[in-house]
Each structure stands twice: as C-alpha cells, then as structure tokens.
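# Overview (structure and organization)
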Amino acid sequence: MVEKVVRFIGKDVIEENRRKAEALRRLYDEAGVTVLEFLGGPGSGKTTLIERIVERMLKDYQVDEIAYIGGDVATTLDTERIAKYGIKHVQINTGGTCHLEVPHIEAAIKALGGAEALKTIKVMIIENVGNIICPFNFPLGAHARIMVADVAEGEDKFIKHPLSTRVSDIIVINKVDLADYIGINLEKMISDAKKLNPWAPIFLVSAKTGQGIEELYSYLKTIIERHATRK
Ligand SMILES: Nc1nc2c(ncn2[C@@H]2O[C@H](COP(=O)(O)OP(=O)(O)OP(=O)(O)O)[C@@H](O)[C@H]2O)c(=O)[nH]1
Ligand SMILES: [Mg+2]
C-alpha cells in the first residue's frame, strides 16, 4: 500500500465544470436568454462597467427582461449597487472560493424562479468574483465572456495572464481616464492582447466618464439580438 500519494485533482474538477457548463448553455438557449459574463481582477471596474451597461440597456429593454447575478466572496455590496436599477438580481456568496462554478449559477437560476422564469429574461449578466486567474478556468456557459482589465493594474496584465486573455470573447481595457496619470502605454497593452487573442474585439473604456461605453454596448447588443433571432 502506498502511504504517500499526491493527487492533482484540479483538472478533473475543471473538466467536470466544463461539461456542466455545456448543459447550462443549452438551458440558456432553450430559454432564449443571452448570458454575458464579466470577469477580471479585484477592483478592475466590473460593477461600475455593468452599471453603465445596465443604464444603457434600460433604454432598449424592459426592466424585468434584465437580470444580474453577483458573485462575491462575502458581501452583497455590488448587488446592492445593481439592485438600484430595479432589475432582477441574485447575490452569490462563495464563502471563500475565488470563482463561480456551474452549481452557483444553477442555484441563482433557482432563486430567480427556475427555468420557466428564465424564459422571461432577455439578458442575464453574471459578475464573477474579482480574480484574474481562477474564474477564467470555470466557464459558466455564457455567450460572451468579457475580460475587464484596468490600466492601473499595469500594462503587463495580458502577458502575465495569457490563459485568461485567450479564453475571453471580448477584452475591455477600463479606466483609460487614468492612463496618462500613471504613464501607461495603451498601444502596448492593445498589441499584447491582440497577439494572445486575435479574435476578441478590444474596447477602451472609462466606466467612470462613460468613454467607449456606447461602442461596447452596441457590440453586446448585436450579440443579444443575434441570439434572440435564433430563438
Ligand atoms: N478612474 C476610474 N475609476 C474607475 C473606473 N471604473 C471603476 N472605477 C473605480 O474603481 C473602483 C473599483 O470599481 P468596481 O466597479 O467596484 O470594481 P470591481 O471590478 O467590480 O471590483 P470587485 O467586484 O471588488 O472585484 C471604484 O472606486 C470605481 O469607482 C474608471 O473607468 N475610471
Ligand atoms: Mg464588483
């Protein structure tokens, strides 16, 4: 009998989540809901960006057609910010885990009223836990995974996190209003991101001033509308 065994189970857990995420995607598609997932490091501006997007979305969609699932380790702070807009919302507290997994989303959908209620929702926004590594390894079946990196994190963020950059469908460089103050070379950030992921469109935005929000929103709306017509 072997007494000392070191097992690396991470891959199995990731694979299992990936399989479950495919089932979740089928559930979204059957319900006709488009799911947008925002991921990125702590404080990169995910909630602020979602606030700007929801404000814009409310000009095109009914308030009860939009839902938000907020992933956070311990607080309800972000969900409180989004709840102000009157959209459907659920908080998930992971209790320490640095990312959301499929069972978290299944529980959130149940809290929203289950598969039937999902049919009344047109767009479901998921904000993952603030972390630039773990959430990217655990897909949640979203139609678009939006990586939010901010200039204050340093211009090397994409190179340092190539896997996160590669699995993203859309890349947002946020807080561009601060770029000059902290001497960030935006061109370098863009070219690094493009080298790692030539397929993802890159949006330069400031969730604070509103710069670039309309362009990002138009792109997201195209995804939502394209999906709705396939229903
Ligand atoms: N200057 C500037 N500040 C911003 C911008 N976007 C967000 N912030 C600020 O950055 C801080 C963090 O923003 P949040 O939106 O809470 O960041 P987050 O990514 O949701 O944070 P976690 O959920 O904790 O990971 C807040 O003080 C925001 O006001 C921006 O475009 N420019
Ligand atoms: Mg947040």
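Residues numbered from 1 in each chain as written. Chains lettered and ligands numbered in written order. Predicted model: local features only at pLDDT ≥ 70, side-chain atom pairs only at ≥ 80, totals over all residues.

It is worth spelling out the sheet that holds strand 4 (residues 123-127) at this point. The parallel open sheet is built from seven strands, whose spatial order is 3-2-4-1-5-6-7. Among the strands making up the open sheet, the edge pair consists of strand 3 (88-93) and strand 7 (202-204). Across the sheet, the mean angle separating the axes of adjacent strands is 20 degrees when strand polarity is ignored. Pairing geometry for strand 5 (residues 144-150) and strand 6 (residues 170-174), over five bridges, is parallel. Within strand 6, the residue paired with Asp150 across the bridge is Asn174. Sheet strands touched by helix 4 (residues 102-112): strand 2 (66-72), strand 3 and strand 4. Its angle to strand 3, the strand with the most contacts, is close to 145 degrees. (Pairing = 2+ DSSP bridges. Helix = DSSP H or I, 4+ residues; strand = E, 2+ residues; numbered from the N terminus. Axes fitted to C-alpha atoms, helices over the stretch in contact; angles between N-to-C directions. Contact = placed C-beta atoms within 7 Å.)

Before going further, it helps to spend a moment on the environment of Leu196. Take Leu196: it is sitting in helix 8 (residues 186-196). For Leu196, a count of 18 C-beta atoms within 10 Å gives the class partly exposed. Considered as a pair, Leu196 and Gly114 are 82 residues apart in the sequence and their alpha carbons are 38 Å apart. Not counting residues within four places of it along the chain, the set of residues in contact with Leu196 comprises Phe158, Pro162, Thr165 and Arg166. (Buried ≥ 20, exposed ≤ 12 C-beta atoms within 10 Å, placed from the backbone.)

Once that is clear, we can look at the site of ligand 1. Near ligand 1 you find 17 residues, and of these Gly45, Thr47, Thr48, Gly130 and Lys208 are the closest. At three residues, the largest contribution of residues to the shell around ligand 1 is made by helix 2 (residues 46-57). Along the lines of polarity and charge, the residues of the shell around ligand 1 split into three nonpolar, nine polar and five charged. (Near = placed C-beta within 6 Å. Nonpolar A, V, L, I, M, F, W, Y, C, P; charged D, E, K, R; others polar.)

Now for unusual backbone geometry. At Lys175, a position not held by glycine, the phi torsion is positive, near 65 degrees. Inspection of the secondary structure assignment puts Lys175 in the loop between strand 6 and helix 8. Judged by the 26 C-beta atoms lying within 10 Å of it, Lys175 falls in the buried class.

Before going further, it helps to examine helix 2. The first and last C-alpha atoms of helix 2 sit 16 Å apart over 12 residues, in line with the 16 Å expected at 1.5 Å per residue. Looking only at helix 2, the buried set comprises Lys46, Thr47, Thr48, Leu49, Ile50, Arg52, Ile53, Val54 and Met57. (Expected span 1.5 Å × (residues − 1).)

Take the nonpolar core next. The biggest cluster of nonpolar side chains holds 58 residues, and the ones touching the most others in it are Phe38, Ile69, Ile105, Val123, Met124, Ile126 and Val172. Sorting elements by how many residues they give to this core places helix 2 first, with five residues. Contact partners of Met124, with chain neighbours within four places excluded, come to Val33, Val35, Ala67 and Ile69. (Core = buried A, V, L, I, M, F, W, Y, C linked by C-beta atoms within 7 Å.)

So, about the pairing of strand 1 (residues 34-40). Extensive coverage of strand 1 is indicated by the burial of seven of its seven residues. Burial along strand 1 is two-sided: the face carrying Thr34, Leu36, Phe38 and Gly40 and the face carrying Val35, Glu37 and Leu39 are both buried. Direction of pairing for strand 1 relative to strand 4: parallel, over a ladder of five bridges. Residue pairing across strands places Val35 opposite Met124, the latter belonging to strand 4. Two elements, strand 1 and strand 5, share five bridges in a ladder whose sense is parallel. Across the sheet, residue Glu37 finds its bridge partner in strand 5, namely Arg145.

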